Amino acid sequence: MKADRSSELFERSKRVIPGGVNSPVRAFRAVGGTPRFVARGEGAFIYDADGNRYVDYVCSWGPLIAGHAHPDVRRAVELALARGSSFGAPTAAEAELAELVVEMVPSVELVRFVSSGTEATMSALRLARGFTGRDKVVKFSGCYHGHADAFLVSAGSGALTFGTPDSPGVTAGTAGDTLTANYNDLESVRALFARNPERIACVIVEPYAGNMGLVPPEAGFLQGLRALTREHGALLIFDEVITGFRAARGGAQEREGVLPDLTTLGKVIGGGLPVGAFGGRAEIMEHLSPLGPVYQAGTLSGNPLAMAAGIATLRLLRDGGAYARLEALGARLERGLRDVFSRHAVAAQHHRRGSMLCTFFTDRPVRDLESAKRSDTARYAAYFHALLERGVWLAPAQFETAFISLAHTEAELDATVAAADDALCALEART
Ligand code: KE4
């Protein structure tokens, strides 16, 4: 496929934007090659600057669960825009979207809107610290919660006491308050609580880890976190920025039957416009300014255009069989890919929860970051490009998750399976 126009745009962007992109993963560095510049999206498809059409499984990294340019979302945003784009004052739309969130997400009694998932998780952490009066937080290796300093930390040498910065610019002081446990390993969490008695404010976890590839929780893991945090007086935060309104109507907490104290949301809640949110039990949320002492604010929080897109999207999900449809589509694609990979005798682990799925190129089980890292990322990169050449756009990195939307039909999924079959043939021919 031609990529001349994308190449030109990439060169032009690199002259004025670091790396030519506004978010690193878009630069294709994990898979190599020229990042495709997108001209437009329509339903399950995106079209790049050279006019090539792709079945889209990035879906803007999750938000486009209804597909690109959905007519209901377009109409809602156009109507809102005609009334003005931002007021810096409360609007009815914010109450309406908040009512939908409270209705759909089991553990949320009050919710505050922000403009990104990072803002949501950053604010939830501050609220947990303010509510408990404790400083330390626990996260998991391989889980990503946005780019706030507290989260860009990995297990330090004294893993049970200090974190070390994952990025320059994160101070040792900040990193020192972030403790890191292993996903699907309750013992690693128990040890942190034992080593830091009454100093841990919260444990934050992706209930389905979507940022080391898709790694689901093993039986009892989330329930164990719920028990441990309750036992030690710490809050449990589910980062449902990916799984919220995606894993189920009420997110992973509904599907798994585990209620956190706070939930962070993003992506789907904005239907493709910038919305993040954090919410939970009223007694916690009432510590937030202007009611309580924990400060949090935002110029464009609750932006009317973003609220309109979010309301239209959640309405499409709230009633009717959206999740049964997403489950059926996900199962069909998983079945097809498993069949193709086994016919080509390519060792892989296929993980799926609903309309989220991921293929790891490894013959061994993947249950945490260490095992995910055993995947053959070079093979994933070759598979990614072979599919891209065949009109299928997967995540341009092994440690991400693919998404299906309500705009995908059996035809697109079957075409994707056929493309994967052809791609694996081509890759075999090269070896
Ligand atoms: P944003 O600040 O990017 O809206 O959300 C941060 C965030 C928080 N929590 C979870 C579980 C997330 O997955 C994310 C962001 N996800 C990445 C994709 N893995 C966004 C894509 C990107 O960084 O460009």
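Please read these numbers as outputs of a predicted model, since none were measured by experiment.

Draft legend 1. Fine view of the overall build of the protein chain. Secondary structure assignment for the protein chain yields 14 helices and 16 strands. Taking the principal axes of its C-alpha atoms as reference, the protein chain extends roughly 60 × 55 × 45 Å. Counting only residues that meet the buried cut, the protein chain has 56% of its 431 residues in that class. Pairs at least 24 apart in sequence give 71% of the contacts found in the protein chain among residues at least 6 apart. Carbon and sulfur atoms make up 53% of the accessible area of the protein chain, which amounts to about 17,700 Å² in all. In the protein chain, 45 positive and 48 negative side-chain charges are present, and the distance between their average locations comes to 2 Å.

Draft legend 2. Here's a closer look at the site of the ligand. Around the ligand there are 16 residues in total, and Ser23, Thr118, Asn211, Asp239 and Glu400 lie nearest to it. At 3.5 Å from a nitrogen atom of the ligand is found a main-chain nitrogen or oxygen belonging to Tyr144. Take Lys267: an N or O atom from its side chain is 3.1 Å from a nitrogen atom of the ligand. Counting residues domain by domain, the shell around the ligand receives three or more from each of domain 1 (4-69 + 320-430) and domain 2 (71-317).

Draft legend 3. Representation of the domain arrangement of the protein chain in the model. By the assigned domains, the protein chain splits into domain 1 (4-69 + 320-430) and domain 2 (71-317). Using C-alpha coordinates to define each centre, domain 1 is positioned 26 Å away from domain 2. In this assembly, 31 residues from domain 1 lie in contact with 29 residues from domain 2. Both sides together, the interface formed by domain 1 and domain 2 hides about 2,600 Å², and carbon and sulfur atoms give 61% of it. Where domain 1 meets domain 2, there are 2 salt bridges. At the surface where domain 1 touches domain 2, the tally comes to 10 residue pairs in polar contact (both at pLDDT 80 or more).

Draft legend 4. Main features of the confidence of the model for the protein chain. Considering every residue of the protein chain, the mean pLDDT works out to 96; 98% of them sit at 70 or more. When the elements of the protein chain are averaged for pLDDT, strand S7 (residues 163-165) gives the smallest value, 79, and strand S10 (residues 235-239) the largest, 99.

Draft legend 5. Seen up close, the side chain of Asp261. Note on placement: Asp261 falls in the loop between helix H8 (251-256) and strand S11 (262-265). Here Asp261 falls in the buried class, since its relative accessible area comes to 6%. At a separation of 2.8 Å, a polar atom in the side chain of Asp261 contacts the side chain of Arg226. At 2.5 Å, the side chain of Asp261 and the side chain of Arg281 are in polar contact. Apart from residues no more than four positions distant in its own chain, Asp261 is found in contact with Arg226, Ala234, Leu235, Leu236, Gly279, Gly280, Arg281 and Ile284.

Draft legend 6. The arrangement of unusual backbone geometry in detail. Cis geometry marks the peptide bond from Ser289 to Pro290; its omega dihedral reads 10°. Locating Pro290 in the fold gives a position in the loop between helix H9 (282-285) and helix H10 (304-318). Unlike most non-glycine residues, Phe28 shows phi in positive territory, near 65°. Checked against the element boundaries, Phe28 lands in the loop between helix H1 (4-14) and strand S1 (38-42). Phe28 sits in the buried class, given a relative accessible area of 1%. A positive phi angle, close to 60°, is found at Phe245, a residue other than glycine. Examined against the element boundaries, Phe245 turns out to sit in the loop between S10 and H8.

Draft legend 7. Examining the pairing of strand S14 (residues 356-360) more closely. Most of S14 sits inside the fold, with 5 of its 5 residues counted as buried. Judged by which residues are buried, S14 turns out to be covered on both faces: Met356, Cys358 and Phe360 on one side and Leu357 and Thr359 on the other are all buried. Judged from the 5 bridges that link them, strand S13 (residues 349-353) and S14 form a sheet pairing that is antiparallel. When the sheet's bridge partners are listed, His350 is paired in S14 with Thr359. Counted between consecutive antiparallel strands, the loop separating S13 from S14 contains 2 residues, among which Gly354 sits at a positive phi close to 60°. The pairing of S14 with strand S16 (residues 402-403) spans 2 bridges and is antiparallel. Note that in S16 the partner of Met356 across the bridge is Phe403.

Draft legend 8. Region of interest: the sheet that holds strand S8 (residues 178-181). Sheet architecture is open: 7 strands sit in the order S4-S12-S11-S10-S9-S5-S8, paired in mixed fashion. Among the strands making up the open sheet, the edge pair consists of strand S4 (110-114) and S8. Adjacent strand axes in the sheet meet at a mean angle of 20°, parallel and antiparallel pairs treated alike. In terms of strand pairing, strand S5 (residues 136-140) meets S8 through 4 bridges, oriented parallel. From the neighbouring strand, Val137 faces S8, where its bridge partner is Thr178. Contacts from helix H3 (residues 92-104) reach S4 and S11 within the one sheet, and its direction differs from that of S4 by about 125°.

Draft legend 9. Structural context of the side chain of His408. With respect to the helices and strands, His408 occurs in the loop between S16 and helix H14 (410-430). Take His408: its relative accessible area is 1%, and that puts it in the buried class. Polar side-chain contacts of His408 include one of 2.9 Å to the backbone oxygen of Asp56. Within the local environment of His408, its side chain forms a polar contact with the side chain of Ser405, the two groups lying 2.9 Å apart. If we ignore the near neighbours within four places in the chain, the residues touching His408 are Ala44, Val55, Asp56, Tyr57, Cys59, Arg325, Leu329, Phe403 and Leu413.

Conventions and cut-offs
Residues numbered from 1 in each chain as written. Predicted model: local features only at pLDDT ≥ 70, side-chain atom pairs only at ≥ 80, totals over all residues. Heavy atoms only, no water. Helix = DSSP H or I, 4+ residues; strand = E, 2+ residues; numbered from the N terminus. Buried < 20%, exposed > 50% of the residue type's maximum accessible area, 1.4 Å probe, protein only. Contact = heavy atoms within 4.5 Å. Areas by Shrake-Rupley, 256 points an atom, 1.4 Å probe, with all protein chains shown as cover. Lys, Arg positive; Asp, Glu negative; His and termini not counted. Charge placed at Lys NZ, Arg CZ, Asp CG, Glu CD. Near = heavy atom within 4 Å. Polar contact = N/O pair within 3.5 Å; in protein donor to acceptor, adjacent residues only side chain to side chain. Domains from an automatic or database assignment. Buried area = accessible area lost by both parts, 1.4 Å probe. Salt bridge = Lys/Arg side-chain N within 4 Å of Asp/Glu carboxyl O. pLDDT = per-residue confidence, 0-100. Pairing = 2+ DSSP bridges. Axes fitted to C-alpha atoms, helices over the stretch in contact; angles between N-to-C directions.

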